[in-house]
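Coordinate analysis (summary)
So the chains spell out like this:
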Amino acid sequence: MGISEEMVVSFGDSPKKLITCSVCLQVLWKPMTCEECENSYCTDCITQWLKQQQAMNRKHTCPNSNCEFKQKNKIPSLLVQLLSQLRVKCVNTINGCKELLPYEALDEHQLVCGFQQQLCQMRENGCKEIVLKKDIVTHGATCGYQRQECKGQVYGCKDIVLKKDILAHEAECGYIKQQCKGKAHGCKDLVLKKDLNTHEPQCNYIQLLCQSCETKYLRGDGHELMKCLQNQIKNLANEMQKSNANDNQQKTLIDQLKEETRLLKVNEEEQKGVNTKLLKEIRLLKASDTQQKILIDQLKEETRLLKGKHQFNLIWFQVALMLKPHIKIALTPAEIGREIFGCLIISMPDSR
Ligand SMILES: [Zn+2]
Ligand SMILES: [Zn+2]
Ligand SMILES: [Zn+2]
Ligand SMILES: [Zn+2]
Ligand SMILES: [Zn+2]
Ligand SMILES: [Zn+2]
Ligand SMILES: [Zn+2]
């Protein structure tokens, strides 16, 4: 492919037609000239063309004419002159290169242009960064995919670690020297992490806790039985004191509760008094109800009897009235009635 016209800043006096490749229609790049017709083409373009011709079993004809292409040893000096008048942008102009170059300088500039994109050198370790050539050193210094020596390498770590993984590795690596837990109590040994498990159970500066007296002591100092017993007694005494204090607190609490209960009871008594009074009143009310009922019933019964007596009186009065003319003795109808119906009248509820 040739150079696209957009890349050409200045054509100088060169007529475009004379410097254009008739295959790609762009400005000739690394031209080749046909010996016979003297037409020139980009090296890439004519090579491609001839390959295609061959694939189709055709003769190596020139793209422009029917002559058979044969490369001329030298490019015509006119073409060289015309091309040398061009001023062309660097191909890496899209990446920021601001160079404007003479045609002949293009090739050489591309070799050194800092704006060329490159893959990071650590790509075989996994880095996928595409970096500008000018930035490759800076990137390399920070690229996480370069190999780095673990601090434990001098003590036997054989792992190959990438920079990005080094912190995680060293946190786990058994070949890193470390101080033991006894450091706080005077152990000055630097122990490989992998050996801590054997060092610490033997280190004299490790603090131990006696399960019986709950006292801490250094392994190197030991823990005398006499001291242990004394401590246990001290602990017991403390505990008793504490439980006494607790007892007192509880007593106060109980007293408070008692007082509250008492007050509640007093209230309850008062409430009970009120309740009893109320109950009595209700009973009284109910009682008077019943009394009233009884009274009403009595009244009803009396009325009924009175009614019955009245009717009866009426009957025997009429009978007595009928009999009166036949009786010589001066008697009131009532007296007559009593004479005749005496037994009946006696059996009447209210015969007086
Ligand atoms: Zn030709
Ligand atoms: Zn071309
Ligand atoms: Zn450049
Ligand atoms: Zn990288
Ligand atoms: Zn390591
Ligand atoms: Zn130690
Ligand atoms: Zn103890």
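Residues numbered from 1 in each chain as written. Chains lettered and ligands numbered in written order. Predicted model: local features only at pLDDT ≥ 70, side-chain atom pairs only at ≥ 80, totals over all residues.

For the chain, the name recorded in an unreviewed UniProt entry is RING-type domain-containing protein, with Didymodactylos carnosus as its organism.

A count of helical and extended segments in the chain gives 8 helices and 13 strands. Put simply, the chain has 352 residues, and 11% of those count as buried. Long-range contacts, defined here as pairs at least 24 residues apart, represent 28% of the contacts in the chain between residues at least 6 apart. (Helix = DSSP H or I, 4+ residues; strand = E, 2+ residues; numbered from the N terminus. Buried ≥ 20, exposed ≤ 12 C-beta atoms within 10 Å, placed from the backbone. Contact = placed C-beta atoms within 7 Å.)

One open sheet accounts for 3 strands, arranged E1-E4-E5; its pairing is antiparallel. Both outer strands of the open sheet, strand E1 (8–10) and strand E5 (100–102), are each paired with one neighbouring strand and no more. Pairs of neighbouring strands in the sheet enclose a mean axial angle of 40 degrees, with direction left out of account. (Pairing = 2+ DSSP bridges. Axes fitted to C-alpha atoms, helices over the stretch in contact; angles between N-to-C directions.)

Attention now goes to the nonpolar core. Counting 19 residues, the largest nonpolar core has Leu28, Cys42 and Leu83 as the members making the most contacts within it. Discounting chain neighbours no more than four positions away, the residues touching Leu28 are Gly2, Ile19, Thr20, Cys21, Ser40, Cys42 and Leu83. (Core = buried A, V, L, I, M, F, W, Y, C linked by C-beta atoms within 7 Å.)

Further remarks concern helix H1 (residues 43–55). The end-to-end C-alpha distance of H1, which contains 13 residues, comes to 18 Å, matching closely the 18 Å that a straight helix rising 1.5 Å per residue would cover. Phi for Asn57, located one or two positions after H1, is positive at around 55 degrees. (Expected span 1.5 Å × (residues − 1).)

Moving on to the environment of Gln146. As for its position among the elements, Gln146 is in the loop between helix H4 (136–142) and strand E8 (147–148). Separated by 20 residues in the primary sequence, Gln146 and Gly126 place their C-alpha atoms 9.3 Å from one another. Leave out the neighbours within four places in its chain, and Gln146 touches Met122, Asn125, Gly140, Leu162 and Lys163.

Next up on the list: unusual backbone geometry. Backbone phi values are negative for most residues with the exception of glycine, while trans is the configuration of most peptide bonds. Residues other than glycine seldom take positive phi values, yet Leu25 does so here, at roughly 60 degrees. By the element assignment, Leu25 lies in the loop between E1 and strand E2 (31–33). We classify Leu25 as exposed; it has 11 C-beta atoms within 10 Å. One non-glycine residue, Asn57, lies in the positive phi region at around 55 degrees. Here Asn57 shows up in the loop between H1 and helix H2 (77–84). Residue Asn57 is classed as exposed on the basis of its 6 C-beta neighbours within 10 Å.

Mapped onto the elements of the fold, Tyr103 is located in the loop between E5 and helix H3 (106–112). Remark: the alpha-carbon pair of Tyr103 and Arg87, spanning 16 residues in sequence, is separated by 6.3 Å. Beyond its immediate stretch of four places on either side in the chain, Tyr103 contacts Leu83, Ser84, Leu86 and Val88.

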